[in-house]
Amino acid sequence: GTFRSTPGEVGPAVTEALKAGYRHLDLAHVYGNEEEIGNALKQAFDKGIVTREELFITGKLWNSDHDVEIVPKAAAHSLNNLQLDYFDLYLIHFPVCWKHTGLATPSWGASELGDTPLIDTWRAMEDLVDKGVCKNIGVSNYPMMLMHDLVTQARIQPACNQIEVHAYYQRESLVNYCLSRNICVTAHTPLGGGVLNAETWDTPIPLKDEIILEIAKSHGKSPAQVLLRSLLQRGVVVLPKSVKPHRMAENKDLLDFSLTADEMRKIGTLDKYVSYKTNPNPLSAFLGGSDAFSKEGTDIFD
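Residues numbered from 1 in each chain as written. Predicted model: local features only at pLDDT ≥ 70, side-chain atom pairs only at ≥ 80, totals over all residues. Heavy atoms only, no water.

1. Description of the packing of aromatic side chains
Item 1. Counted according to the given criterion, the structure contains six aromatic pairs.
Item 2. Ring geometry for tryptophan 62 against tryptophan 98: centres 5.6 Å apart, planes inclined by 90°, an arrangement best described as edge-to-face. Residue tryptophan 62 is located in the loop between β2 (56–61) and α3 (71–82), and its partner tryptophan 98 is located in the loop between β3 (89–92) and α4 (118–130); the two are separated by 36 residues in the primary sequence.
Item 3. A centroid spacing of 6.3 Å and a plane angle of 55° characterise the contact between tryptophan 98 and tryptophan 108, whose relative ring orientation is tilted. (Phe/Tyr/Trp six-rings, centres within 6.5 Å; stacked < 30°, edge-to-face > 60°. Helix = DSSP H or I, 4+ residues; strand = E, 2+ residues; numbered from the N terminus.)

Written as structure tokens, this is what we have:
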């Protein structure tokens, strides 16, 4: 992951990640660091650290670039910044259209809603696949209702939904819905935001949870490794973010242990999500059918 990486920091971090064996890079235009990452990638290619074909690179379409005629220009702008010819995966960053403010100046602050429907933006994304600009397309931060709406209308099915999902926000209905439709679920905040979230917003983080600490100790692993492993065992792809080489190595070392069913059950009890449900909510109506994705049924508002 490359979110919240300061100028002068992200380029070296990408280089170290590639040296450590990472091959999936998650990027976004609004992060404001595409050019620095592009320079790091070019250096890595030139030095033979890695080839383009060995990488899986994800980019994201920002909210203010949803207009149909802007979508291909936005993708081209990002690829030019990154010095690349194509994206392996290109995502709609958020399910909301804002008024266009220029390719080089993505809207943030005093943003105004636009009038392009999400499905029209998706059709423009499908055109990118047809033209070879993107190998796959998907979405990010889509709740279940919008996810199903897209699935029923898409000519090219979404390959991925990248969402916040971690031990404190487990989103069972949404995760299992996507997996049932062969849509990859990617966790962009697999550690619950980590220490930075705790320092910025004074929020509890699963890295310091007693149950996680206990499980980590029993396996001789770090709390982060336990959290990442638990998501992998749920079928979720993880995107841990660090600029520290030793953390990068640790976050990748997840395949030499597994969590027991009892440990997964304990982690399952940590969910702090409180659903402020509408009245009525058809949650339990799904019970007994193939589309019941949690023990309570399916929360369409997830």
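The rest of the description comes next.
2. Side note on the packing of helix α1 (residues 10–20) against helix α2 (residues 34–47)
Item 1. Close contact between α1 and α2 brings their axes to 8 Å; oriented N to C, the two are set at 35°. When the axes of α1 and α2 are compared, the crossing they make is right-handed. Seen from α1, the contacting residues are Val10, Gly11, Pro12, Val14, Thr15 and Leu18; seen from α2, they are Glu36, Ile37, Ala40, Leu41 and Ala44.
Item 2. Grouping the constituent residues of the contact of α1 with α2 by class yields eight nonpolar, two polar and one charged. (Axes fitted to C-alpha atoms, helices over the stretch in contact; angles between N-to-C directions. Left-handed = near helix turned anticlockwise from the far one by under 90°. Contact = heavy atoms within 4.5 Å. Nonpolar A, V, L, I, M, F, W, Y, C, P; charged D, E, K, R; others polar.)

3. Notes on the sheet that holds β3
Item 1. Strand order in this open sheet of seven strands is β1-β2-β3-β4-β5-β6-β7, and the pairing throughout is parallel. Edge positions in the sheet fall to β1 (24–26) and β7 (237–238), since each has one partner strand and no second.
Item 2. As judged from the two bridges shared by strand β4 (residues 137–140) and strand β5 (residues 160–163), these two strands associate in the parallel manner. Pairing of valine 139 across the sheet is with asparagine 161, part of β5. (Pairing = 2+ DSSP bridges.)

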